[in-house]
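Structural overview
So the chains spell out like this:
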Amino acid sequence: MHAIQQQYWAVRDYLSPVLKESKFREHGRITPEEFVAAGDFLAYKFPVWSWEAGEASKARDYLPANKQYMVTRGIPCLRRATSLAYTDADEDAERLLSFGDSSAAGNEADEWVETHAGRRANPDSAANPGVIDDIPDLDGPHGDDGLTAAAANLSLSETPNLDDIPDMEEDIEEGDDAAAAPSRAPLPPRAPAHTSKEEEVTNANLLSVRTYDVMITYDKYYQTPRIWLLGYDENGTPLVPEQIFQDVTAEHAFKTVTIEAFPHSTSLQAASVHPCKHASVMRKLIERMNAGVVEEQKAQRKSGAKEGKKKWLFKRGGGSGKEDKAAGEEEEVEGMRVDFYLVVFLKFIASIVPTIEVDSTTAF
């Protein structure tokens, strides 16, 4: 059944027309030319991303031959998505903590809310590295005892004998003689001193980090980018689908995130986020971010106009009234360019796979 569905999607993608008109602000969809422009901007600003050609038999004719999809490799994943889930169980209970003087009134006593109060501390995670012993304070009452005892043993009346000071030239000559001497046979390796139990404890304190190769392709039917994930464990072994879904939020695993054939390879299977809702979500994100970009551009335009008026006062030549009126009119601001499309897209994908650090781009 899954094979038939993939064949249907391939035929649908082949028969769908190529988008020619830009609609990324109105509908959240982009053309192949805009996808290439956004990919060039992403690769230029963030060199961890690069273009790939893929297999020649799977190349899309509406994209350049050497720019079929984008890829970044070795993206870390430090923990599972289930560690971020919040439930109503006792382990996720909250409790109120009070710091400072409990008898203080008003805002003098600080109160904080501790979340996940019932969870056990796991020293095998990056968030809980374990208990760190206190470092003794040298300014304490007993901190100077060692220094005082060492200073008492010193005697200023004794003068060192210069003959007892070693000669550096003799040390260098001895080192040259040792280097010229024939090397001895290497000693046999010693047996490890630690036991198997100590090895288990050491391995338990190590953090197992998964890595992912992330690809971005262009979906011609939905006219949006599409993300693909290839996971590896700490030994470089590819992850099975069940392990990959551990790094996806529960509301997206096995629903919008599925295992499918990679479109630019004949044998590769990868996890993919289905792009059926990408256009609507991207339209909302672009509207919100574009509002801030427009306000910033208007502020820059006003500051530039003030400087232009100051320079105009010192001009000798005079112009016509129509030219002055046209120069004083405020031009329409450009807003967010389509080059930033993939930057915004990665921020959207980061909400689906929060533990995979796919978004290393700038903030808005």
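Summarised in this report is the structure supplied together with it. (Residues numbered from 1 in each chain as written. Predicted model: local features only at pLDDT ≥ 70, side-chain atom pairs only at ≥ 80, totals over all residues. Heavy atoms only, no water.)

**Remarks on the sheet that holds strand β2 (residues 69-77)**
Pairing is antiparallel across the open sheet formed by 6 strands, whose spatial order is β1-β2-β5-β6-β8-β7. Looking at which strands have only one partner, the edges of the open sheet turn out to be β1 (50-52) and β7 (257-261). On average, adjacent strands in this sheet sit at an angle of 40° to one another, irrespective of strand direction. Direction of pairing for strand β5 (residues 210-219) relative to strand β6 (residues 224-232): antiparallel, over a ladder of 9 bridges. Pairing of T217 across the sheet is with R226, part of β6. In the packing of helix α9 (residues 341-350) onto the sheet, contacts are made with β2, β5 and β6, and the angle to β6 comes to roughly 50°. (Pairing = 2+ DSSP bridges. Helix = DSSP H or I, 4+ residues; strand = E, 2+ residues; numbered from the N terminus. Axes fitted to C-alpha atoms, helices over the stretch in contact; angles between N-to-C directions. Contact = heavy atoms within 4.5 Å.)

**Here's the deal with the environment of L229**
Checked against the element boundaries, L229 lands in strand β6. Judged by its relative accessible area of 2%, L229 is buried. In this structure, the C-alpha to C-alpha distance between L229 and A271, residues 42 residues apart in sequence, is 5.0 Å. Other than its neighbours up to four places away in sequence, L229 contacts Y212, D213, V214, A270, A271, V353 and I356. (Buried < 20%, exposed > 50% of the residue type's maximum accessible area, 1.4 Å probe, protein only.)

**Overview of the nonpolar core**
Across soluble globular proteins, nonpolar side chains have a tendency to be buried as a group. One finds I216, Y341 and L342 to be the most contacted residues of the largest nonpolar core, which totals 47 residues. Counting only elements with at least two residues in this core, the list comes to α2 (32-45), β2, β5, β6, α6 (241-245), β8 (269-273), α7 (278-312) and α9. At 8 residues, the largest contribution of residues to this core is made by α9. In contact with I216, other than residues within four places in its own chain, are F35, W49, Y69, M70, P225, R226, I227, L342, F345 and L346. Grouped together as the second largest cluster of nonpolar side chains are 7 residues, V71, M215, W228 and A270 included. (Core = buried A, V, L, I, M, F, W, Y, C linked by side-chain atoms within 4.5 Å.)

**Quick notes on the packing of aromatic side chains**
Across all of its chains, the model carries 8 aromatic pairs by this definition. Summarising the aromatic geometry, the rings of W228 and F262 are spaced 5.4 Å apart at their centres and angled 90° between planes, so their arrangement reads as edge-to-face. You can see W228 sitting in strand β6 and its partner F262 sitting in the loop between β7 and β8, a full 34 residues away along the chain. For the pair W228 and F262, one class covers both residues: buried. (Phe/Tyr/Trp six-rings, centres within 6.5 Å; stacked < 30°, edge-to-face > 60°.)

**Looking at the environment of V273**
Looking at where V273 falls in the secondary structure, it is placed in strand β8. Taking relative accessible area as the criterion, V273 reaches 3% and is therefore assigned buried. If we skip the residues at most four places from it in the chain, V273 touches R226, I227, T256, V257, H278 and I352.

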